[in-house]
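Structural characterization, general
Okay, here's what each chain looks like letter by letter:
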Amino acid sequence: MDKIQVNIKDVLQTVSQADIEALRPEAEASLAKLTSGTGAGADFLGWVKLPAETTDALLDDIAATARSLREACDVVVCIGIGGSYLGAKAVIEALGNSTGATDGPQIMFAGQNIGEDYLYELQEYLRGKRFGIIVISKSGTTTEPAIAFRLLKAQLEQQAGREAASKLIVAITDARRGALRSLATTEGYKTFVIEDNVGGRFSVLTPVGLLPIAVAGHDIHALVEGARQCQKATLDGTDKSALTYAMTRNALYRAGKKIEILVNYNPKLHYFGEWWKQLYGESEGKDHKGIFPAAVDNSTDLHSMGQWIQDGERTIFESVISVERTRHTVVIPTDAENLDGLNFLAGKRVDEVNKMAELGTRIAHVDGGVPNMQITLPALEALYLGQLIYFFEAACGISGYLLGVNPFNQPGVEDYKRNMFALLEKPGYEKETEAIKARL
Ligand code: PA5
């Protein structure tokens, strides 16, 4: 197998093949809207053809910038939140070493929270270290990364000097608008552009994701190549996986399954689940509709969430990311005394045990009334991750249209910001400040 595959046989106890097929004409029409730009949110379809349109010149520029940060820094802090954070984090974790060991700089993240202790401890950790910053914000005005950048920029300038610091900072933002663009121009930072027509949660295959991933030492050419393969096969209709996934999850939703749990059996995929949650949650959760996206890491979470999934309210379905090959081999040894009673596993690979946990869980959950889809990828390698990213993006666009929402806006994200700014008395929010204070 050299590409990802989707298997839906274990949902057929809940929805029939006919229920799923009934959605095909609408799903095909949704895919056509993505390619022709005739659906809702058509201004944000830059991601649809992005992999094929990504030039070698851009990839080479990103790779060269990554090399210079790798040479100059022991730590690179990536500052960003939401779509300007999760894609890079997901791929770096999936391709990296579980212990955090690396042959290049340590990659750290900031601006993805407003934790005072987090920032204090990060600043203490960076004290005296050779560090660099990749600051990412499409709007260039998001509060969380702006706070982190103000603090770390000052620290870097103080440690390295202003001139040297400006060479250790790379900004990824809008081509023209936003405070980060003006700041980068004034300070003379190296910059990359996030195109207007690519929304944050669809931006992992732009410099937003590619630069941090390249600094972490991973093969961005292979990642983009995987996405190109999936783009081509999805758009020319030779691979129906994205359609199948979108149709099946919508058929399940219409049958009352309101919660989708993305399941992995590989701890390297934890943040892939976080990226997927943003992609689907922000795209579909609107107009009081949408499948609630949840994620678990098995077998870890079988010991905490397993009871609920097996036996709780039957409103869930699972999509299991199954990885065929591990990177390494670990065989369980024989023990002459067998005091732990584990000799029945001696000689077996750890992954064999993991695969049996996966299979046993799938059978138990299906028996317990939890429909299961399986998304199999050959290995956690850049090429297949690129395929998986594009697969989920394409299926998300199709799925959102099937649901009847605009998958490419996020009006609900603004509400907390308005209240926060009112409470913090941001200039321009005087009326909101007065109104919110009257409610306290
Ligand atoms: O997907 C989105 O649009 C959001 O989650 C953004 O990615 C997030 O709010 C960060 O925005 P920005 O990149 O403008 O700082």
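What comes next concerns the included structure.

Calculation notes
Residues numbered from 1 in each chain as written. Predicted model: local features only at pLDDT ≥ 70, side-chain atom pairs only at ≥ 80, totals over all residues. Heavy atoms only, no water. Near = heavy atom within 4 Å. Polar contact = N/O pair within 3.5 Å; in protein donor to acceptor, adjacent residues only side chain to side chain. Areas by Shrake-Rupley, 256 points an atom, 1.4 Å probe, with all protein chains shown as cover. Nonpolar A, V, L, I, M, F, W, Y, C, P; charged D, E, K, R; others polar. Helix = DSSP H or I, 4+ residues; strand = E, 2+ residues; numbered from the N terminus. Contact = heavy atoms within 4.5 Å. Core = buried A, V, L, I, M, F, W, Y, C linked by side-chain atoms within 4.5 Å. Buried < 20%, exposed > 50% of the residue type's maximum accessible area, 1.4 Å probe, protein only. Pairing = 2+ DSSP bridges. Right-handed = clockwise from strand over helix to strand, strands pointing away.

Here we take up the site of the ligand. Looking at the ligand, there are 13 residues lining it, with Ser84, Ser137, Lys138, Ser139 and Thr142 nearest. Here an oxygen atom of the ligand sits 2.6 Å away from a polar atom, N or O, in the side chain of serine 84. Taking lysine 138, its main chain carries an N or O atom lying 2.7 Å from an oxygen atom of the ligand. Burial of the ligand by the protein amounts to 88% of the accessible area it has alone, namely 380 Å². When the residues that make up the shell around the ligand are grouped by side-chain class, the tally is one nonpolar, nine polar and three charged.

A few words now on the environment of lysine 33. Turning to its location among the elements, lysine 33 is positioned in helix 2 (residues 24-36). Here the alpha-carbon distance between lysine 33 and proline 378, two residues 345 residues apart in the chain, equals 30 Å. Non-local contacts of lysine 33, meaning those with residues more than four positions away in its chain, are made with Thr38, Gly39, Leu45 and Tyr401.

Moving on, we come to the nonpolar core. Residues Trp47, Phe272, Trp275, Leu388 and Phe392 are the most contacted members of the largest nonpolar core, which totals 115 residues. Grouped together as the second largest cluster of nonpolar side chains are eight residues, Tyr265, Val296, Ile316 and Val320 included.

Right, let's talk about unusual backbone geometry for a bit. Asparagine 298 connects to serine 299 through a cis peptide bond whose omega is 10 degrees. Of note, serine 299 is situated in the loop between strand 8 (292-297) and helix 14 (306-311). Positive phi values are uncommon outside glycine, yet asparagine 338 reaches one of about 50 degrees. Even without being glycine, glutamate 425 reaches a positive phi, approximately 60 degrees. The residue glutamate 425 is located in the loop between helix 17 (414-423) and helix 18 (430-438) in this model.

In terms of burial, strand 9 (residues 316-325) is largely enclosed, as eight of its 10 residues are buried. By the bridge criterion, six bridges tie strand 7 (residues 259-264) to strand 9 in an arrangement that is parallel. Residue pairing for strand 9: glutamate 260 is matched across the bridge by phenylalanine 317. Pairing between strand 9 and strand 10 (residues 372-379): seven bridges, direction parallel. When the sheet's bridge partners are listed, serine 319 is paired in strand 10 with methionine 373. Assessed by its sense of winding, the connection that carries the chain from strand 9 through helix 15 (residues 350-367) to strand 10 is right-handed.

From the geometry alone we can't say anything about function, so treat these as descriptive.
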